[in-house]
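The residues making up each chain are set out below.
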Amino acid sequence: MRPIEPGEFTVADLELTPDEGPRYELVDGVLLVTYMSSAIHQRALGELMMQLVSACPEHLEVLPGPLEFRPDNRLALVPDLLVLPRGDSNAVGRGVGARC
């Protein structure tokens, strides 16, 4: 991997990071590295997902992570939950959508 200055990372650079271990995300070309969340976080996430699915309009879907959201070349996020228009191609990765 070439030396990269902060703010110059792109989605192509993320492709070179390992698939295992910490979570790598990109915001405005800055690389963010995060680690596993706690049990409290996971419980809250499950509750939030159930609430979102039950309130979700038909044109949207709730997707659990891990998914990558890549709307452009300098932004790549791995949210725990993602709410997108059905069929939005900006979400890539693994996950199963919950029908609203």
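In case you missed it, the structure is sitting above this.
Quick caveat: nothing in here was measured; it's all calculated off a predicted structure. (Residues numbered from 1 in each chain as written. Predicted model: local features only at pLDDT ≥ 70, side-chain atom pairs only at ≥ 80, totals over all residues. Heavy atoms only, no water.)

> Looking at this structure, I do not really get the overall build of the protein chain. What am I missing?
Scanning the protein chain from terminus to terminus reveals two helices and eight strands. For the protein chain, the sequential pattern of α-helices and β-strands runs α-β-β-α-β-β-β-β-β-β. Expressed as a percentage of its 100 residues, the buried residues of the protein chain come to 31%. Within the protein chain, contacts between residues separated by at least 24 positions form 50% of all contacts whose residues are at least 6 apart in sequence. Carbon together with sulfur atoms contributes 59% to the accessible area of the protein chain, which is approximately 6,600 Å² in total. (Helix = DSSP H or I, 4+ residues; strand = E, 2+ residues; numbered from the N terminus. Buried < 20%, exposed > 50% of the residue type's maximum accessible area, 1.4 Å probe, protein only. Contact = heavy atoms within 4.5 Å. Areas by Shrake-Rupley, 256 points an atom, 1.4 Å probe, with all protein chains shown as cover.)

> I'm lost on the pattern of salt bridges in this one. Help?
Once their charged atoms are close, side chains differing in charge can pair, the charge on each being opposite to the other. Throughout the structure, instances matching the rule amount to four salt bridges. With a closest N to O distance of 3.6 Å, Glu61 and Arg86 form a salt bridge. You can see Glu61 sitting in strand β3 (residues 60-64) and its partner Arg86 sitting in the loop between β6 (81-85) and β7 (91-93), a full 25 residues away along the chain. In this structure Arg86 comes out as partly exposed when scored by relative accessible area, which is 30%. Notably, a salt bridge pairs Arg70 with Glu68, separated by 2.7 Å at the nearest N-O pair. Ionic contacts of the salt-bridge type, sharing partners, join the residues Glu15, Glu68 and Arg70 into one network. (Salt bridge = Lys/Arg side-chain N within 4 Å of Asp/Glu carboxyl O.)

> Is there a simple way to explain the layout of surface pockets in this structure?
A volume near 350 Å³ is recorded for the second largest pocket. As for the second largest pocket, its lining consists of 18 residues, of which Arg23, Met36, Ser37, Gln42 and Asp80 are closest to the centre. Considered class by class, the residues forming the lining of the second largest pocket number nine nonpolar, seven polar and two charged. (1 Å grid on protein atoms, 1.4 Å probe; cavity = no way out; pocket = protein on both sides within 12 Å on 5 of 7 lines; lining within 4 Å. Points joined across faces, edges and corners; volume = space filled by probe spheres on them. Nonpolar A, V, L, I, M, F, W, Y, C, P; charged D, E, K, R; others polar.)

> In this structure, what is going on with the pairing of strand β2 (residues 30-34)? I would like to understand it.
Sheet faces and side chains relate simply in a regular strand, where the side chains alternate between the two faces. Where strand β1 (residues 23-27) meets β2, five bridges bridge the pair, whose relative direction is antiparallel. Considered in β2, the bridge of Val27 is made with Val30. (Pairing = 2+ DSSP bridges.)

> For this particular structure, what's the right way to read unusual backbone geometry?
Most of the time, phi is negative for any residue but glycine, and the peptide bond is trans. We note that Asp28 has phi near 50 degrees; this positive angle belongs to a residue other than glycine. Inspection of the secondary structure puts Asp28 in the loop between β1 and β2.

> Whenever I open this one, a nonpolar patch on the surface confuses me. Can you help?
Taken together, Val27, Val30 and Leu32 make up a surface patch of nonpolar side chains, about 180 Å² in accessible area. Mapped onto the elements, Val30 comes out in strand β2. (Patch = residues over 30% accessible without salt bridge, like charges linked within 9 Å, V, L, I, M, F, W, Y side chains within 5 Å.)

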